[in-house]
Amino acid sequence: MNSFEEIINLEKSISYAQRDKELFSFYTLTLIAQEQASKKIQKKLWASLLLFITCLALFFSPISQITGSLIARLSAIDMIGLFYMALFSYGVSGLCIVLIKRGAIVFR
Amino acid sequence: METDEELVKRALKGGNHHYGVLVQRYADYLFGLGMRLTGGNRELAEDISQQSFLKSYAYLKSFDSRKTYKYWLTGIAVNCFKDMSKKEQQYTDLAVGSEPSYSPQLEGDTGFFNLIKPLTEDEKILFTLKYIYEYQINDIAGFLDLKPGTVKSKISRALEKLK
């Protein structure tokens, strides 16, 4: 066991050093910078690809058909009916809120 | 002199040169750890220290300042060593026996390296961290994501092997 402790103590006393710390540090930082740059380029590439696909989709899709059908659907909507429906639903929900508040006061 | 935590904060704000100070500060420490874990293989030790610094920078945002930077870096280095050992193992499995093999030049005092030779990679890590760097069982368990009881039993098994 003595030799075991001796070996451990001897190893503890040894201090290992990099061959060239300055160069090691410089090289590590260069690698970091390189990785950062490649990530940035990748991000830019993805963004450009997305933009390119969007442009392609816009230019080559039958826009006139899409806009035509959209306008047709919008014009088919009965605006007055829609207004009455909204008024009615808002009225009902308002009434519900008032009733709930009153109920809360009664049961307090 | 700036503390490690201050340097980490500054590096996170975008100052790579602040991280450079940390690299210089812990280059020898990680190299020494690498040398001990690899049994004196200088090239592997350099690779481990470099990979550890690269990983540490990549995950710098997740650094928990409640623990020291050195502690965090040690955990990363230990896991780098484990990954490298796994890769080396894969390559040796693939290598054909008749192929000329690369034998690394080993440096340093061979007494310790010979002592830990019969140990497995995991046991080498545990033994080195416990007896050379004098880390507590709980710290070692934290590095390796193990339970303290498991670490204790593995260390005692390693000691049995060395007897």
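Residues numbered from 1 in each chain as written. Chains lettered and ligands numbered in written order. Predicted model: local features only at pLDDT ≥ 70, side-chain atom pairs only at ≥ 80, totals over all residues.

### Concerning the overall build of chain A
Quick reminder of the rule: The secondary structure listing takes helices from DSSP runs of H or I that are at least 4 residues long and strands from runs of E that are at least 2 residues long, numbered from the N terminus. Note that the radius of gyration is over C-alpha atoms, with the globule rule given as 2.2 Å times the number of residues to the power 0.38. Around each residue's C-beta, the other C-beta atoms within 10 Å are counted; 20 or more make the residue buried, 12 or fewer make it exposed, and counts in between make it partly exposed. All C-beta atoms are placed from the backbone.
On a plain count of helices and strands, chain A comes out with four helices and zero strands. Of the regular secondary structure in chain A, the N- to C-terminal order runs α-α-α-α. Compactness check: chain A gives a C-alpha radius of gyration of 37 Å against a globular reference of 13 Å for 108 residues, more than 25% above the reference. Overall, chain A is about 95 × 65 × 25 Å in size when its C-alpha atoms are taken along their principal axes. The 108 residues of chain A split such that 5% are buried.

### Points about the domain arrangement of chain A
Accessible area lost upon the coming together of the parts serves often as the stated size of an interface. Note the threshold: Where each domain begins and ends follows an automated or database-derived domain assignment.
Here chain A is partitioned into domain 1 (20–76) and domain 2 (78–108). Centre-to-centre separation of domain 1 of chain A and domain 2 of chain A, based on C-alpha positions: 47 Å.

### Comments concerning the confidence of the model for chain B
Any region with low pLDDT has predicted coordinates that should not be read closely. All names here are of chain B. Just so we agree on the cut-off: Confidence scores labelled pLDDT are given residue by residue by the predictor and lie between 0 and 100.
Summarising the model, chain B shows a mean pLDDT of 87, and 88% of its residues fall at 70 or more. Confidence scores differ between elements of chain B, with helix α4 (residues 69–94) showing the lowest mean pLDDT of 85 and helix α3 (residues 42–58) the highest of 94. The complex prediction reports pTM at 0.72, with the ipTM value standing at 0.78.

### A few points about the domain arrangement of chain B
Residue and element names in this part refer to chain B. The test is simple: Under the scheme applied, nonpolar residues are Ala, Val, Leu, Ile, Met, Phe, Trp, Tyr, Cys and Pro; charged residues are Asp, Glu, Lys and Arg; polar residues are all the others, including Gly.
Partitioning chain B into structural domains gives domain 1 (1–108) and domain 2 (110–163). Looking at the side of domain 1 that touches domain 2, the elements with two or more residues in it are α2 (16–38) and α4. Considering every element that reaches the side of domain 1 that touches domain 2, the biggest residue donor is α4, with seven residues. A breakdown of the residues in the side of domain 1 that touches domain 2 according to their chemical character gives five nonpolar, six polar and two charged.

### So, the interface of chain A and chain B
The condition is simple: A pair of residues counts as a contact when their C-beta atoms, built from backbone coordinates, are within 7 Å of each other.
With 19 residues of chain A in contact, the opposing surface of chain B contributes 21 residues. If you list the elements that add at least two residues to the side of chain A that touches chain B, you get α1 (2–13) and α2 (21–60) of chain A. Considering each element in turn, the side of chain A that touches chain B owes the most residues, eight residues, to α2 of chain A. By residue class, the composition of the side of chain A that touches chain B is twelve nonpolar, four polar and three charged.

### Observations regarding helix α6 (residues 121–132) of chain B
Residue and element names in this part refer to chain B. Which entries qualify depends on this criterion: In a helix, the anticipated span is given by 1.5 Å times the number of residues less one.
Over its twelve residues, α6 extends 16 Å from the first C-alpha to the last, a length consistent with the 16 Å expected when each residue adds 1.5 Å. Residues K124, I125, L126, F127, T128, L129, K130 and Y131 constitute the buried set of α6. Directly beyond the C-terminal end of α6, a positive phi value near 55 degrees is found at E134.

### So, α3 of chain B
End to end, α3 of chain B covers 24 Å across 17 residues, agreeing with the expected 24 Å (1.5 Å per residue, within 8%). A45, I48, S49, Q50, Q51, S52, F53, S56 and Y57 of chain B are the residues of α3 of chain B that are buried.

### Some words on the nonpolar core
Residue and element names in this part refer to chain B. Operational definition: Buried Ala, Val, Leu, Ile, Met, Phe, Trp, Tyr and Cys residues whose C-beta atoms connect them within 7 Å together make up a nonpolar core.
With 38 residues, the main nonpolar core has L30, A77, F81 and L126 as its most contacted residues. Elements supplying a minimum of two residues to this core: α1 (4–12), α2, α3, α4, α5 (110–116), α6, α7 (137–144) and α8 (148–162). The element contributing the most residues to this core is α2, with ten residues. If you count residues domain by domain, this core takes at least three from each of domain 1 (1–108) and domain 2 (110–163). Discounting chain neighbours no more than four positions away, the residues touching A77 are L30, L33, G34, I48, S49 and S52.

### Remarks on the packing of α2 of chain A against α3 of chain B
So the rule is basically this: Inter-axis angles, ranging from 0 to 180 degrees, are taken between N-to-C directions of lines fitted to C-alpha atoms, where helices are fitted over the stretch in contact. Reported orientations rely on four angle classes, namely roughly parallel under 35 degrees, roughly antiparallel over 145, roughly perpendicular from 65 to 115, and oblique for the rest. Each crossing gets its handedness from the near helix: less than a right angle anticlockwise from the far helix is left-handed, clockwise is right-handed.
One can describe the packing of α2 of chain A onto α3 of chain B by two numbers: an axis separation of 10 Å at closest approach and a directional angle of 40 degrees. The orientation of α2 of chain A relative to α3 of chain B falls into the category oblique. At the point where α2 of chain A passes α3 of chain B, the crossing takes the right-handed sense. Between α2 of chain A, through T28, L31 and I32 of chain A, and α3 of chain B, the contact on the second element is made entirely by Q50, F53, L54 and Y57 of chain B.

### Re the packing of α6 of chain B against α8 of chain B
All names here are of chain B. As a packed pair, α6 and α8 sit with axes 9 Å apart at the nearest point and diverge in direction by 95 degrees. In terms of axis orientation, α6 runs roughly perpendicular to α8. Taking contact as the criterion, the partners of D122, E123, L126, F127 and K130 in α6 are, on α8, V151, K154, I155 and A158. Looking at the contact of α6 with α8 residue by residue, the class counts come to five nonpolar, no polar and four charged.

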